Amino acid sequence: MSSATFQANLMNLQSNMLNFAYMLTSNRDDAYDLLQDTTLKVLDSEDKFAEDSNFKGWVFTIMRNIFINNYRSNSRAATVVDTTDNLYLLNLGSDSSAESPEESYGASEISAAIAEFDDEYRIPFSMHVSGYKYNEIAEHMNLPLGTIKSRIHFARKKLQERFSDYR
(Lines give C-alpha, C1' and ligand atoms only; values in the text may rest on other atoms or scores of the structure.)
Protein backbone atom coordinates (compact mmCIF):
# COMPACT_ATOMS: atom_id res chain seq x y z
CA MET A 1 0.00 0.00 0.00
CA SER A 2 1.42 3.39 -0.94
CA SER A 3 1.91 6.07 1.67
CA ALA A 4 -0.80 8.25 0.14
CA THR A 5 -3.31 5.37 0.18
CA PHE A 6 -2.33 4.53 3.76
CA GLN A 7 -2.93 8.13 4.89
CA ALA A 8 -6.22 8.36 2.96
CA ASN A 9 -7.47 5.15 4.60
CA LEU A 10 -6.49 6.53 7.99
CA MET A 11 -8.29 9.83 7.38
CA ASN A 12 -11.43 7.95 6.27
CA LEU A 13 -11.48 6.17 9.65
CA GLN A 14 -11.24 9.33 11.77
CA SER A 15 -14.96 9.56 12.61
CA ASN A 16 -15.13 5.85 13.52
CA MET A 17 -11.99 6.22 15.58
CA LEU A 18 -13.45 9.20 17.44
CA ASN A 19 -16.60 7.23 18.26
CA PHE A 20 -14.53 4.33 19.57
CA ALA A 21 -12.30 6.70 21.57
CA TYR A 22 -15.37 8.32 23.12
CA MET A 23 -16.74 4.89 24.01
CA LEU A 24 -13.47 4.05 25.77
CA THR A 25 -12.96 7.33 27.61
CA SER A 26 -16.52 8.66 28.13
CA ASN A 27 -15.07 12.15 27.89
CA ARG A 28 -14.95 14.33 24.76
CA ASP A 29 -11.57 15.93 25.47
CA ASP A 30 -9.95 12.63 26.39
CA ALA A 31 -11.43 11.06 23.26
CA TYR A 32 -9.85 13.75 21.07
CA ASP A 33 -6.51 13.23 22.84
CA LEU A 34 -6.74 9.47 22.30
CA LEU A 35 -7.65 10.02 18.64
CA GLN A 36 -4.64 12.27 18.15
CA ASP A 37 -2.26 9.86 19.95
CA THR A 38 -3.55 6.97 17.88
CA THR A 39 -3.26 8.85 14.59
CA LEU A 40 0.35 9.76 15.36
CA LYS A 41 1.21 6.20 16.43
CA VAL A 42 -0.38 4.73 13.29
CA LEU A 43 1.52 7.16 11.06
CA ASP A 44 4.78 6.35 12.89
CA SER A 45 4.10 2.62 12.51
CA GLU A 46 3.15 2.70 8.83
CA ASP A 47 6.08 0.45 7.92
CA LYS A 48 4.86 -2.22 10.38
CA PHE A 49 1.46 -2.65 8.71
CA ALA A 50 1.15 -5.94 6.83
CA GLU A 51 -0.57 -5.56 3.46
CA ASP A 52 -2.78 -8.62 3.84
CA SER A 53 -4.19 -7.69 7.27
CA ASN A 54 -7.31 -5.77 8.29
CA PHE A 55 -6.36 -2.08 8.35
CA LYS A 56 -9.33 -0.96 10.47
CA GLY A 57 -8.76 -3.73 13.00
CA TRP A 58 -5.06 -2.87 13.19
CA VAL A 59 -5.80 0.82 13.85
CA PHE A 60 -8.45 0.08 16.47
CA THR A 61 -6.12 -2.36 18.23
CA ILE A 62 -3.49 0.38 18.45
CA MET A 63 -6.09 2.76 19.90
CA ARG A 64 -7.23 0.23 22.47
CA ASN A 65 -3.63 -0.53 23.52
CA ILE A 66 -2.84 3.18 23.91
CA PHE A 67 -5.96 3.59 26.05
CA ILE A 68 -5.01 0.62 28.26
CA ASN A 69 -1.42 1.84 28.67
CA ASN A 70 -2.62 5.33 29.61
CA TYR A 71 -5.13 3.88 32.07
CA ARG A 72 -2.47 1.77 33.76
CA SER A 73 -0.10 4.70 33.90
CA ASN A 74 -2.75 6.92 35.48
CA SER A 75 -3.63 4.19 37.99
CA ARG A 76 0.00 3.93 39.09
CA ALA A 77 0.27 7.71 39.35
CA ALA A 78 -2.77 7.80 41.65
CA THR A 79 -1.10 5.53 44.21
CA VAL A 80 -0.74 7.26 47.56
CA VAL A 81 2.69 7.17 49.13
CA ASP A 82 2.76 7.96 52.83
CA THR A 83 5.58 10.43 53.49
CA THR A 84 4.43 11.53 56.92
CA ASP A 85 6.93 11.17 59.75
CA ASN A 86 4.86 8.71 61.75
CA LEU A 87 3.38 6.84 58.74
CA TYR A 88 -0.07 7.98 59.84
CA LEU A 89 -1.74 7.11 56.53
CA LEU A 90 -0.51 3.51 56.68
CA ASN A 91 -2.21 3.04 60.04
CA LEU A 92 -5.67 4.06 58.84
CA GLY A 93 -8.21 1.27 58.78
CA SER A 94 -9.53 0.02 55.47
CA ASP A 95 -13.17 0.05 54.47
CA SER A 96 -13.04 -3.64 53.66
CA SER A 97 -15.22 -5.92 55.73
CA ALA A 98 -12.82 -8.84 55.26
CA GLU A 99 -10.28 -9.41 57.97
CA SER A 100 -6.66 -8.84 57.12
CA PRO A 101 -4.07 -11.57 57.81
CA GLU A 102 -2.70 -9.49 60.68
CA GLU A 103 -6.06 -9.75 62.43
CA SER A 104 -6.24 -13.53 62.03
CA TYR A 105 -2.67 -14.64 62.59
CA GLY A 106 0.24 -13.31 64.55
CA ALA A 107 3.31 -12.40 62.54
CA SER A 108 5.42 -14.50 64.87
CA GLU A 109 3.29 -17.58 64.15
CA ILE A 110 3.62 -17.11 60.39
CA SER A 111 7.37 -16.45 60.68
CA ALA A 112 7.81 -19.57 62.81
CA ALA A 113 5.93 -21.65 60.23
CA ILE A 114 8.14 -20.32 57.44
CA ALA A 115 11.27 -20.99 59.50
CA GLU A 116 10.24 -24.66 59.77
CA PHE A 117 10.37 -25.10 55.98
CA ASP A 118 13.34 -26.87 54.43
CA ASP A 119 15.88 -24.47 52.90
CA GLU A 120 14.76 -25.44 49.40
CA TYR A 121 11.33 -23.89 50.13
CA ARG A 122 12.15 -21.33 52.81
CA ILE A 123 14.84 -19.42 50.90
CA PRO A 124 12.91 -18.81 47.64
CA PHE A 125 9.68 -18.09 49.52
CA SER A 126 11.38 -15.60 51.86
CA MET A 127 13.09 -13.89 48.94
CA HIS A 128 9.76 -13.67 47.07
CA VAL A 129 8.01 -12.17 50.09
CA SER A 130 10.90 -9.69 50.40
CA GLY A 131 10.18 -8.43 46.89
CA TYR A 132 12.57 -10.35 44.67
CA LYS A 133 11.28 -11.35 41.27
CA TYR A 134 11.17 -15.00 40.23
CA ASN A 135 14.03 -14.63 37.75
CA GLU A 136 16.22 -12.90 40.36
CA ILE A 137 15.62 -15.73 42.80
CA ALA A 138 16.40 -18.30 40.08
CA GLU A 139 19.70 -16.57 39.28
CA HIS A 140 20.63 -16.27 42.96
CA MET A 141 19.89 -19.94 43.68
CA ASN A 142 21.24 -21.16 40.33
CA LEU A 143 18.01 -23.06 39.60
CA PRO A 144 15.54 -23.07 36.69
CA LEU A 145 12.73 -20.51 36.82
CA GLY A 146 10.04 -23.20 36.86
CA THR A 147 11.60 -24.85 39.89
CA ILE A 148 11.54 -21.56 41.80
CA LYS A 149 7.90 -20.93 40.91
CA SER A 150 6.96 -24.46 42.01
CA ARG A 151 8.76 -24.16 45.33
CA ILE A 152 7.12 -20.82 46.12
CA HIS A 153 3.74 -22.30 45.18
CA PHE A 154 4.29 -25.32 47.45
CA ALA A 155 5.41 -23.06 50.31
CA ARG A 156 2.19 -21.05 49.98
CA LYS A 157 0.16 -24.26 49.95
CA LYS A 158 1.90 -25.47 53.12
CA LEU A 159 1.08 -22.19 54.86
CA GLN A 160 -2.54 -22.35 53.72
CA GLU A 161 -2.88 -25.90 54.99
CA ARG A 162 -1.25 -25.08 58.31
CA PHE A 163 -3.47 -22.08 59.00
CA SER A 164 -6.66 -23.32 57.33
CA ASP A 165 -8.53 -24.00 60.59
CA TYR A 166 -7.07 -21.10 62.54
CA ARG A 167 -9.72 -18.56 63.65
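For the structure itself, look to the data block above.
These numbers were taken from a predicted model, which means no experiment stands behind them.

J.: Talk me through the packing of aromatic side chains; I want residue IDs and the actual numbers.
T.: Counted under the stated rule, the structure contains 8 aromatic pairs. Seen in terms of ring centroids, Phe55 and Trp58 are 6.2 Å apart; in terms of plane orientation they differ by 40°. Their pairing is tilted. Of this pair, Phe55 and Trp58 both sit in helix α4 (residues 55-77), 3 residues apart, which is roughly one turn of that helix. Side by side, Phe55 and Trp58 carry an identical accessibility label, which is buried. Pairing Phe117 with Phe125 gives two aromatic rings, centres 6.4 Å apart and planes at 75°, and the pair type is edge-to-face. Per residue, the accessibility class of Phe117 equals that of Phe125, and both read buried. Positioned above the aromatic ring of Phe117 is the side chain of Lys158, whose terminal nitrogen or guanidinium carbon lies 5.6 Å from the ring centre. Between the NZ or CZ atom of Lys158 and the centre of the ring of Tyr121, over which it lies, the distance is 4.1 Å.

J.: Describe the nonpolar core, naming the residues involved and giving the relevant values.
T.: Membership of the largest hydrophobic core comes to 18 residues, with the highest contact counts inside it found for Met17, Val42, Phe55, Trp58, Val59 and Met63. Residue assignment for this core shows that the elements contributing at least two residues are α1 (3-12), α2 (14-25), α3 (28-44) and α4. Of the residues forming this core, the biggest block, 7 residues, is contributed by α4. Sequence-distant contacts of Met17, that is, excluding residues within four places in its chain, are made with Leu10, Leu35, Thr38, Thr39, Val59, Phe60 and Met63. Counting 13 residues, the second largest nonpolar core, distinct from the first, contains Phe125, Ile152, Ala155 and Leu159.

J.: Tell me about the pattern of salt bridges, and please be specific about residues and values.
T.: Side chains that carry opposite charge are capable of pairing whenever their charged atoms lie near each other. What the rule picks out here adds up to 3 salt bridges. Residue Arg122 is joined to Asp119 by a salt bridge in which the shortest nitrogen-to-oxygen separation is 2.2 Å. Placement of both Arg122 and Asp119 in helix α7 (residues 119-129) is noted, with a separation of 3 residues, approximately one turn of the helix. Given a relative accessible area of 26%, Arg122 falls into the partly exposed group. The partner of Glu120 in a salt bridge is Arg151, with the nearest N and O atoms 3.6 Å apart. Remark: Arg151 occurs in helix α9 (residues 145-162) and Glu120 occurs in helix α7; sequence separation between them is 31 residues.

Reading the values: rules and limits
- The residue count restarts for each chain, going from 1 along the sequence in the order it is written.
- In keeping with the predicted nature of the model, local features appear solely for residues at pLDDT of at least 70, side-chain atom pairs appear and are counted solely at 80 or more, and the whole-chain, interface and lining totals rest on all residues.
- Here the side-chain values reflect all heavy atoms present in the structure, with hydrogen atoms and water set aside.
- When two rings of Phe, Tyr or Trp (its six-membered ring) have centres within 6.5 Å they constitute a pair, described as stacked for plane angles under 30 degrees, edge-to-face for angles over 60, and tilted for the intermediate range.
- Note on conventions: DSSP H or I runs of at least 4 residues are helices, E runs of at least 2 residues are strands, and numbering of each starts at the N terminus.
- Three exposure classes are used, based on accessible area relative to the maximum for each residue type with a 1.4 Å probe and protein chains only: buried under 20%, partly exposed in between, and exposed over 50%.
- Charges are assigned to positions over rings by a cutoff of 6 Å between ring centre and Lys NZ or Arg CZ, combined with an angular limit of 35 degrees from the ring normal.
- To qualify as a nonpolar core, a set must consist of buried Ala, Val, Leu, Ile, Met, Phe, Trp, Tyr and Cys residues joined through side-chain atoms within 4.5 Å.
- Residues are treated as being in contact if the distance between any of their heavy atoms lies within 4.5 Å.
- Salt bridge, as used here, is a side-chain nitrogen of Lys or Arg placed within 4 Å of a carboxyl oxygen of Asp or Glu.

Nothing here speaks to function; it is geometry throughout.
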